[in-house]
Amino acid sequence: MPVPEPRTASATPVLEARAVTKRFPLHGPGQHGKEVHALEETSLALHEGRITALVGESGSGKSTLARLLALAHPPTDGEIRLDGAAVQQARTARGRRAYHRQVQMVFQDPFSSLSPVHRVRYILGRPLQLHGHASGRAQLDAQIAQLLERVNLTPADQYIDKFPHELSGGQRQRVAIARALAARPKVLLGDEPVSMLDVSIRLDILNLLNRLRDDEGLAILYITHDIASARYFADEIKVLYAGQLVESGPGDAVVERPLHPYTRLLLESAPDPDRGGLLDEPDVVDDAETLGEPPSLVDPPTGCRFHPRCPLARPVCATAFPARTHVEGGQWVHCWSYDEEHYA
Ligand code: ADP
Ligand code: MG
């Protein structure tokens, strides 16, 4: 019997951002010529059967990266690659649809992401038809039922004729995930998919994503401001600060041996799962108090953007962004202090 290909990080990524930079020009009064420097030369690769977590506080550029990967914005520089080939910005509805047959998004707010005037049957049936996966009432109903079962909304006939307002937040998010799955994508981009849900049901949704990775081999981007939820199931964690990736590595390594002072601060301010705090309200800890304020990205700090808040900052930090230092096990960090400690 042939041995299946191992799902290793060395295989061609399903979806990849290569050195993408994003600037948003501002248009308001007195803002002429100014730009938001939202993302700097950021690279990220998503692989079949793996969950990559992108972690950072609000305003760090997480959603911007997700939108670039979803072709909602063109990058200012760099490229998006699907199955190893550079993606052209799809200009036609047909081109976009072909892309979104492979790459789907799940958003933070299950209340606004589902149309309130349609029943679940339509919400799931429409993408099935649009992507040519089903036609005819009987086939459509069978596939809708299958989708509902895949997201644990069973028995399906209890949900198929419901309107979103008749469902709980967690059930709506399951419908939103089912709608994404209707396209039969290879990639799910989850932009804070549990942040607005009750603490008690976050784990259920994360378990569902876990299963989609394990059983269906989906490549998943899990975006969160809550590193405690990423440590729970991510194969890889990438830490973004003010548009700069500062650290990356296998989930366990980043959590157990964080190399960047920002990652350490994030972990210190996150609820501790060993004390029963898994997926607690992250807002219990006041980020601003623990970490200080995130910087303006219109006029971002020079060098390493974390330096104004960094307990280890030294003069060089304000003048240049540090090179990447690799450590064993696939972890890396951008930090002048790390270099000095280890290579001085
Ligand atoms: P996050 O998802 O990590 O909270 P975002 O990617 O939403 O961060 O935002 C990163 C920065 O880019 C913020 O300063 C935000 O105000 C800015 N930004 C995002 N989208 C736009 C846009 N369309 N126009 C101008 N600025 C934007
Ligand atoms: Mg966001």
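These numbers were taken from a predicted model, which means no experiment stands behind them.

Asker: For this particular structure, what's the right way to read the overall build of the protein?
Answerer: What the protein contains, in helices and strands, is eleven helices and twelve strands. Residues classed as buried in the protein amount to 51% of the 344 residues present. Of the roughly 16100 Å² of accessible surface on the protein, 50% is carried by carbon and sulfur atoms.

Asker: What is the right way to read the sheet that holds strand 4 (residues 77-82) from this model?
Answerer: Strand order in this open sheet of four strands is 2-1-4-5, and the pairing throughout is antiparallel. Unpaired on one side and paired on the other, strand 2 (35-46) and strand 5 (85-86) mark the two borders of the sheet. Pairing geometry for strand 4 and strand 5, over two bridges, is antiparallel. Following the sheet pairing, Leu82 is matched in strand 5 by Ala85. Strands strand 1 (15-25), strand 2 and strand 4 of the sheet are contacted by helix 1 (residues 62-69), whose axis makes an angle of about 115° with strand 1.

Asker: Teacher, can you tell me more about the pattern of salt bridges here?
Answerer: Close approach of charged atoms lets side chains of opposite charge pair. Scanning all chains against the criterion turns up 16 salt bridges. When the shortest N-O distance is used, the salt bridge between Arg150 and Glu216 registers 2.5 Å. Here Arg150 is found in helix 4 (residues 137-150), whereas its partner Glu216 is found in helix 6 (residues 199-216), with 66 residues between them in sequence. In this structure, Lys238 engages Glu236 in a salt bridge whose closest nitrogen and oxygen atoms are separated by 2.9 Å. In terms of burial, Lys238 and Glu236 fall into one category: buried. Linked through salt bridges whose partners overlap, the residues forming this network are Arg121, Arg137, Asp141 and Asp161.

Asker: Sorry, what's going on with the packing of aromatic side chains here?
Answerer: For any two aromatic rings, the description comes down to two numbers: the centre-to-centre distance and the angle of the planes. Applying the stated criterion across every chain yields a total of five aromatic pairs. Ring centres of Tyr241 and Phe306 lie 4.9 Å apart, and the angle between their planes is 75°; this geometry places the pair in the edge-to-face category. With Tyr241 in strand 9 (residues 236-241) and Phe306 in the loop between helix 10 (287-291) and strand 11 (325-327), the pair connects residues that are 65 residues apart, well separated along the chain. For Tyr241, a relative accessible area of 2% translates into the label buried. Of the aromatic side chains, those joined through ring pairs into one cluster are Tyr222, Tyr232 and Phe233.

Asker: It is not clear to me how the site of ligand 1 should be interpreted in this structure. Could you clarify?
Answerer: Surrounding ligand 1, one finds Phe24, Val36, Ala38, Glu57, Ser58, Gly59, Ser60, Gly61, Lys62, Ser63, Thr64 and Leu297. A distance of 3.1 Å is found between an oxygen atom of ligand 1 and a backbone nitrogen or oxygen belonging to Ser60. A distance of 2.8 Å separates an oxygen atom of ligand 1 from a polar side-chain atom of Lys62. Expressed as a share of its isolated accessible area of 560 Å², the protein-covered part of ligand 1 is 66%. Contributing elements (two or more residues each) for the shell around ligand 1: strand 2 and helix 1. Among the elements that line the shell around ligand 1, the one with the most residues is helix 1, at three residues. When grouped by side-chain class, the residues that make up the shell around ligand 1 number four nonpolar, six polar and two charged.

Asker: I'm lost on the nonpolar core in this one. Help?
Answerer: Note that soluble globular proteins tend to have their nonpolar side chains buried in a common cluster. Leu124, Leu148, Ile177, Leu209, Leu212, Tyr222 and Ile237 are the most contacted members of the largest nonpolar core, which has 61 residues in total. With seven residues, helix 5 (residues 169-182) is the single largest residue contributor to this core. If we ignore the near neighbours within four places in the chain, the residues touching Ile177 are Val106, Val151, Ile205, Leu208, Leu209 and Leu212. In this structure, Val14, Leu54, Leu69 and Trp332 belong to the second largest nonpolar core, which totals 29 residues.

What counts, and where the lines are drawn
Every residue gets a number counted from 1 within its own chain, in the order that chain's sequence is written. Note on labels: chains are lettered from A, ligands numbered from 1, in written order. Local features are withheld for residues below a pLDDT of 70 in this predicted model, meaning they are given only at 70 or higher, and side-chain atom pairs are given and counted only at 80 or more; totals for whole chains, interfaces and linings count all residues. Think of the side-chain values as coming from all heavy atoms in the structure, minus any hydrogens and water. The numbering of helices and of strands both runs from the N terminus, where a helix is a DSSP run of H or I of at least 4 residues and a strand a run of E of at least 2. Here's how the labels work: a residue is buried when its accessible area is under 20% of the maximum for its type, exposed when over 50%, partly exposed in between, all with a 1.4 Å probe on protein chains only. Values of accessible area rely on a 1.4 Å probe in the Shrake-Rupley scheme; residue burial ignores everything except the protein chains shown. Pairing between two strands requires that DSSP report at least two bridges joining them. Two residues form a contact once any of their heavy atoms are found within 4.5 Å. The convention used is that axes are lines fitted to C-alpha atoms, helices contributing only their stretch in contact, and that angles between N-to-C directions extend from 0 to 180 degrees. For this analysis, a salt bridge means a side-chain nitrogen from Lys or Arg found within 4 Å of a carboxyl oxygen belonging to Asp or Glu. Two rings from Phe, Tyr or Trp (for Trp, the six-membered ring) form a pair when their centres sit within 6.5 Å of each other. Planes less than 30 degrees apart are called stacked, planes more than 60 degrees apart edge-to-face, and all others tilted. Whether a residue is near a molecule or strand depends on its heavy atoms: if one lies within 4 Å, it is near. Polar contact is the term for a pair of N or O atoms within 3.5 Å; when the atoms are in protein, one must be able to donate a hydrogen and the other to accept it, and sequence-neighboring residues count only if both atoms are side-chain atoms. Nonpolar residues are Ala, Val, Leu, Ile, Met, Phe, Trp, Tyr, Cys and Pro. Charged residues are Asp, Glu, Lys and Arg, and all others, Gly as well, are polar. The set of buried Ala, Val, Leu, Ile, Met, Phe, Trp, Tyr and Cys residues whose side-chain atoms join them within 4.5 Å is what this entry labels a nonpolar core.

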